[in-house]
Amino acid sequence: MSTTLPATKTWQAVQAELEAEIDRIWLDEPLEIQKIRLGVIDTGAGSGGQSFSIMVHLEAFLMIFGANVFYRFVRLAKDQDDLTLDQLRVMTRAFLHKPFNVFEFMGDLALHDLHRLGNDYLAALDDLKTKDDYIALTGSMMTYVIRLHRWIHFHFPWNLGVAFPHRTVEELSAFAAAAKTGA
Amino acid sequence: MAVSASPTPQPRLELNVPDLDLTIGMRLDVEGNPELCAAIRAMLPLKSLFGHVVISGDGIWLPSRLVYMGKPVMVTRTVGSVYLNAPGQSICLTYGAITETAVVNEFAHVEDDSLAALKSVGDAVWRRTVTDPVRRSVLGILREAKD
């Protein structure tokens, strides 16, 4: 099955780029993350000229994307002997590419490096020869996405949570009773 | 004359937090979870930046690059549990309250005399990466213990 993203690099070259990028951002915050948290959104995303919704979307999307979707892909490839490499390609594209390119969406949310490397990953699926190749390449993609998520998690404004404390039913009942009597 | 063999020392890891001048000692469970212990030791030393959980209670995590697909040994976590969250590639440490029911793939346990240091690190990571509006990284270095 062909892809609309033509492969221009070997899968090993794409994996090497992913690993180099992981090295680069492991301890040093990516410039793109800095821009997002400072509100410099070069795509214009963020309805009404705000950037908070971008942080919310990236926190949720990257968390599910890396630790759930990609991890399940590598586990399926490892655990399911009756699953072929071609079937893995179909599943992977169904989740990531068609009918909605999630990497393009990440680019709209100002993660341009993830957009570029994600499209390279999709294109390189055609170059894979074995399921072990798939596990190696997809494992690197997973690590990259998860590291990006950790950067977003680090900067997410969790401190706003003080406005949303846990309450007990008893507290709320007492409030309701007081509100009814006006006391 | 029979010579009694000295007991094989239990392998230990230590988690150094240079910014707080703290080191946390832990015992590896090489008998209970040998495959994961071997995978963890193979990637050491690990230098990474701490994060703090925001759902499951008092826990901190250290991102790794381990794509682990070995057989998990799942147990109930306790204070001092050191476990791998394989989907998130994180080494997690529980230092207080637990508000999640999921069992965990524990490979080590913090030594009793390091539990206070673990709590200090947990509290610092909570402040610096969750409650303080301006974030400050906390670096952790996980390595084999020297002794």
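Shown above is the structure to which this text applies.
Presented here is an overview of the structure given in this document. (Residues numbered from 1 in each chain as written. Chains lettered and ligands numbered in written order. Predicted model: local features only at pLDDT ≥ 70, side-chain atom pairs only at ≥ 80, totals over all residues. Heavy atoms only, no water.)

1. Topic: the interface of chain B and chain A
- Counting residues at the interface gives 27 residues for chain B and 26 residues for chain A.
- Buried area between chain B and chain A, summed over both chains or domains, comes out near 2,200 Å², and the portion from carbon and sulfur atoms is 63%.
- The three residues of chain B that bury the most area against chain A are Arg65, Met69 and Arg135 of chain B, which together make up 33% of that side's buried surface.
- Summed over the shared surface of chain B and chain A, the result is two salt bridges.
- Here chain B is connected to chain A by 13 residue pairs in polar contact (both at pLDDT 80 or more).
- Of all elements in the fold, only β3 (46-49), β5 (57-63) and α2 (115-131) of chain B reach the threshold of two or more residues within the side of chain B that touches chain A. (Contact = heavy atoms within 4.5 Å. Buried area = accessible area lost by both parts, 1.4 Å probe. Salt bridge = Lys/Arg side-chain N within 4 Å of Asp/Glu carboxyl O. Polar contact = N/O pair within 3.5 Å; in protein donor to acceptor, adjacent residues only side chain to side chain. Helix = DSSP H or I, 4+ residues; strand = E, 2+ residues; numbered from the N terminus.)

2. Looking at the packing of helix α1 (residues 11-25) of chain A against helix α6 (residues 112-124) of chain A
Residues and elements named next belong to chain A.
- The geometry of α1 relative to α6 is characterised by a closest axis approach of 9 Å and an angle of 155° between their N-to-C directions. Relative to α6, the element α1 is oriented roughly antiparallel. Pair α1 / α6 crosses with left-handed handedness. Contacts between α1 and α6 involve Trp11, Val14, Glu17, Leu18, Glu21 and Arg24 from the first element and Asp113, Arg116, Leu117, Asp120, Tyr121 and Ala124 from the second. (Axes fitted to C-alpha atoms, helices over the stretch in contact; angles between N-to-C directions. Parallel < 35°, antiparallel > 145°, perpendicular 65-115°, else oblique. Left-handed = near helix turned anticlockwise from the far one by under 90°.)

3. Some words on the pattern of salt bridges
- Counted according to the given criterion, the structure contains 23 salt bridges over all chains.
- Between Arg65 of chain B and Asp23 of chain A there is a salt bridge, with its nearest N and O atoms 2.6 Å apart. Remark: Asp23 of chain A occurs in helix α1 and Arg65 of chain B occurs in the loop between β5 and β6 (74-75); the pair is interchain, linking two chains.
- The partner of Glu14 of chain B in a salt bridge is Lys146 of chain B, with the nearest N and O atoms 3.9 Å apart.

4. A short note on unusual backbone geometry
- Across the junction of Lys98 of chain A and Pro99 of chain A, the peptide omega takes the value 10°, indicating a cis bond.
- Mapped onto the elements, Pro99 of chain A comes out in the loop between α4 (85-96) and α5 (102-108).
- The peptide bond linking Leu44 of chain B to Pro45 of chain B adopts the cis configuration, its omega dihedral lying at 0°.
- Within the secondary structure, Pro45 of chain B sits in the loop between α1 (34-43) and β3.

5. Thoughts on α4 of chain A
Residues and elements named next belong to chain A.
- Taking 1.5 Å per residue, twelve residues should reach 16 Å; α4 reaches 16 Å between its end C-alpha atoms and fits that length.
- Taken as a whole, α4 has its buried residues at Leu85, Leu88, Arg89, Thr92, Arg93 and Leu96. With its buried residues spanning 130° around the axis, α4 presents them on a single face.
- Those residues of α4 that are buried are in contact with α3 (52-79), α5, α6 and α7 (131-155). (Expected span 1.5 Å × (residues − 1). Buried < 20%, exposed > 50% of the residue type's maximum accessible area, 1.4 Å probe, protein only. Arc of directions from axis to C-beta.)

6. So, the nonpolar core
- Of all hydrophobic cores here, the largest spans 84 residues; its most connected members are Leu62, Phe70, Leu96, Phe103, Leu114 and Tyr121 of chain A together with Phe107 of chain B.
- Per-element accounting of this core gives the leading share, twelve residues, to α7 of chain A.
- Ignoring anything within four residues of it in the chain, the contact list for Leu114 of chain A reads Leu62, Phe103, Met106, Met141, Tyr144, Val145 and Leu148 of chain A. (Core = buried A, V, L, I, M, F, W, Y, C linked by side-chain atoms within 4.5 Å.)

7. Here we look at α1 of chain A
Residues and elements named next belong to chain A.
- In this model α1 runs 21 Å from its N-terminal to its C-terminal C-alpha over 15 residues, within 8% of the 21 Å that 1.5 Å per residue would give.
- Looking only at α1, the buried set comprises Trp11, Val14, Leu18, Glu21, Ile22 and Ile25. Seen from one end, α1 has its buried residues packed into an arc of 105°, which puts them on one side.
- Residues of α1 that are buried sit in contact with α6 and α7.

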